[in-house]
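Architecture at a glance
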Amino acid sequence: MTAKGESPVLVLAIETSCDETSAAVLRATDAGTRTFGPCPPSLTSAPEVLSNIVLSQDEIHAPYGGVVPELASRQHIKTITAVVGEALERAGVGLGAVDLYAVTRGPGLIGSLLVGLSFAKGLAYYHVKPLVGVDHLEAHLEACFLENPGIAYPALGLLVSGGHTALYAMEEPLTYRLLGRTRDDAAGEALDKIAKFLGLGYPGGPVIERLGKGGDPRAFPFAVPRTKDRSLDFSFSGLKTAALKHIRESGLAKDDPRLADFLASFEEIVARALVDHARAAAEQVQPRSLVLCGGVARNSRLRTRFQGYAREAGLDAYVPSPKLCTDNAAMVGALAIKRYAAGPSEGPDLDLDAYPRA
Ligand code: KG4
Ligand code: ZN
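Turning our attention to the site of ligand 1. The environment of ligand 1 is formed by 20 residues, the closest being Gly-162, Asp-192, Gly-205, Glu-209 and Asp-327. One of the backbone N or O atoms of Gly-163 is found 3.0 Å from an oxygen atom in ligand 1. A distance of 3.0 Å separates an oxygen atom of ligand 1 from a polar atom in the backbone of Asp-327. Surface burial for ligand 1 is 91%, taken as the share of its 560 Å² of free accessible area covered by protein chains. Among the detected pockets, ligand 1 sits in the largest pocket. Going through the elements one at a time, α5 (136-147), α6 (187-197) and α7 (204-212) are the ones with two or more residues in the shell around ligand 1. Per-element accounting of the shell around ligand 1 gives the leading share, four residues, to α7. Residue composition of the shell around ligand 1, by class: five nonpolar, 11 polar and four charged.

What follows concerns unusual backbone geometry. Between Gly-106 and Pro-107 the backbone carries a cis peptide bond, its omega angle lying at -5°. Structurally, the position occupied by Pro-107 is in the loop between β4 (100-106) and α4 (110-127). Cis geometry marks the peptide bond from Tyr-202 to Pro-203; its omega dihedral reads -5°. Assignment of secondary structure puts Pro-203 in the loop between α6 and α7.

Where a metal carries four tetrahedral donors, each ideal angle is 109.5 degrees; where it carries six octahedral donors, the ideal angles are 90 or 180 degrees. Bound to the zinc ion (ligand 2) are the protein donor atoms His-136 (NE2), His-140 (NE2) and Asp-327 (OD), situated 2.0 to 2.1 Å from the metal. Coordination at the zinc ion (ligand 2) is irregular, judged from the four donor atoms that bind it and the angles of 95 to 139° they form at the metal. Donor residues binding the zinc ion (ligand 2) come from one chain and are separated in sequence as H-x3-H-x186-D. In this pair, His-140 is assigned in helix α5 and Asp-327 in the loop between α11 (322-325) and α12 (329-341), connecting sequence segments 187 residues apart. A relative accessible area of 12% means that Asp-327 is categorised as buried.

It is the rolling of a water-molecule-sized probe over the atoms that shows where space remains empty. Applying the stated criterion across every chain, the model contains two cavities of 30 Å³ or more. Taken as a whole, the second largest cavity encloses approximately 40 Å³ of empty space. Looking at the second largest cavity, the residues that line it are Leu-191, Glu-267, Val-270, Ala-271, Leu-274, Val-296, Asn-299 and Leu-302. Taken together, the residues of the lining of the second largest cavity sort by class into six nonpolar, one polar and one charged.

The five strands lie next to each other as β8-β7-β6-β9-β10, forming an open sheet whose pairing is mixed. The open sheet has two edge strands, β8 (177-181) and β10 (316-318), and neither has a second partner. Across this sheet, the average inter-strand angle for adjacent strands is 20°, counted without regard to direction. Against the sheet, α5 contacts β6 (155-160), β7 (165-170), β9 (289-293) and β10, and its axis sits at roughly 120° relative to β9.

This brings us to the layout of surface pockets. Within this model, the largest pocket holds a volume of roughly 1200 Å³. Lining of the largest pocket is provided by 42 residues; of these, Cys-18, Gly-162, Gly-163, Asp-192 and Tyr-202 occupy positions nearest its centre. When contributions to the lining of the largest pocket are tallied by element, the ones reaching two or more residues are β3 (48-56), α5, α6, α7 and α11. Of the residues forming the lining of the largest pocket, the biggest block, six residues, is contributed by α6. Classifying every residue of the lining of the largest pocket gives 14 nonpolar, 16 polar and 12 charged.

How each quantity is defined
- Residues numbered from 1 in each chain as written.
- Chains lettered and ligands numbered in written order.
- Predicted model: local features only at pLDDT ≥ 70, side-chain atom pairs only at ≥ 80, totals over all residues.
- Heavy atoms only, no water.
- Near = heavy atom within 4 Å.
- Polar contact = N/O pair within 3.5 Å; in protein donor to acceptor, adjacent residues only side chain to side chain.
- Areas by Shrake-Rupley, 256 points an atom, 1.4 Å probe, with all protein chains shown as cover.
- 1 Å grid on protein atoms, 1.4 Å probe; cavity = no way out; pocket = protein on both sides within 12 Å on 5 of 7 lines; lining within 4 Å.
- Sits in = over half its atoms within 2 Å of the grid points.
- Helix = DSSP H or I, 4+ residues; strand = E, 2+ residues; numbered from the N terminus.
- Nonpolar A, V, L, I, M, F, W, Y, C, P; charged D, E, K, R; others polar.
- Donors = N, O, S within 2.8 Å, 3.2 Å for Na, K, Ca; no water.
- Tetrahedral: all angles 85-135°; square planar, octahedral: opposite > 155°, others 65-115°.
- Buried < 20%, exposed > 50% of the residue type's maximum accessible area, 1.4 Å probe, protein only.
- Points joined across faces, edges and corners; volume = space filled by probe spheres on them.
- Pairing = 2+ DSSP bridges.
- Axes fitted to C-alpha atoms, helices over the stretch in contact; angles between N-to-C directions.
- Contact = heavy atoms within 4.5 Å.

Structural data, given as structure tokens:
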């Protein structure tokens, strides 16, 4: 086994927290490997992603308009061997060359998490190599640093996905202080539910973006959702209910000529709520940089609004490339490399357990 603190070069990472089966191979770069040990991980350069395979289960869950946990875990079991094999093949390496295994422990669907975790444990055990379990939400934030290792701290992170919407203060590498999170629906979940109600397909975010293109974002004046106590917590269920009520009362349907305006307006208000919260949080924590991540960060309206605010505030803003926004194993590997370099304290590898909630 590689001793703690030694320099793992090749990392095989696995992500199965929800409905994407993903495996990636990363190589810590020369500069990165030299700094393994007690050095601050902020000084490591970003690892090189040799492969990052993502197999989506969208087709399986689409008829239900959302992820069916039982089907998700069964599908991970069917596909994980092939996905890991493909990641190794694309990277041009065999399992014997892997120095470190990385896997998502949570939060997520427990059955799905256990598939990836058990698979990674089996590999680490058989090959007598260390295994690092990482947090899915921290991995999303890390996706940004993978492409931009020089992001200045303190950074403010806005994570927007199908399961989570949260703001974090990142004072230094590997610290994630929660500032606020959604009290009900996540932003992605609200988009998915509106799309489902209108029968537009799953996942809803990308469909809403496509069908709302060219629509007037001011046509339907939704109110920006705010929590009563004006904290940094989010709440999207009131907005979702208002939109559903409007659809019911106005008889808006899939083929309605007002559909593009409606979807653009809904998307706009979600983006505004997210950016307003980021602004309020930035006033509190005075960050040097802003980071946007998670599946909904693929949305071009949100990216534009977020970057517009950053320009206005004179802050550097970073958003991962689209493939690194949605669930993927490269972000898991990137975080595991940093954690291992900082001195792992995960306890005996095979005791790692999955957790469903943050
Ligand atoms: O991060 P992710 O892959 O999974 C979770 O950890 O939840 O995010 C999935 C979410 C879904 O709600 C999906 O509708 C949303 O990301 N999403 C988008 C776009 N692409 C994916 N939302 C808005 N616009 C997009 N282009
Ligand atoms: Zn995710």
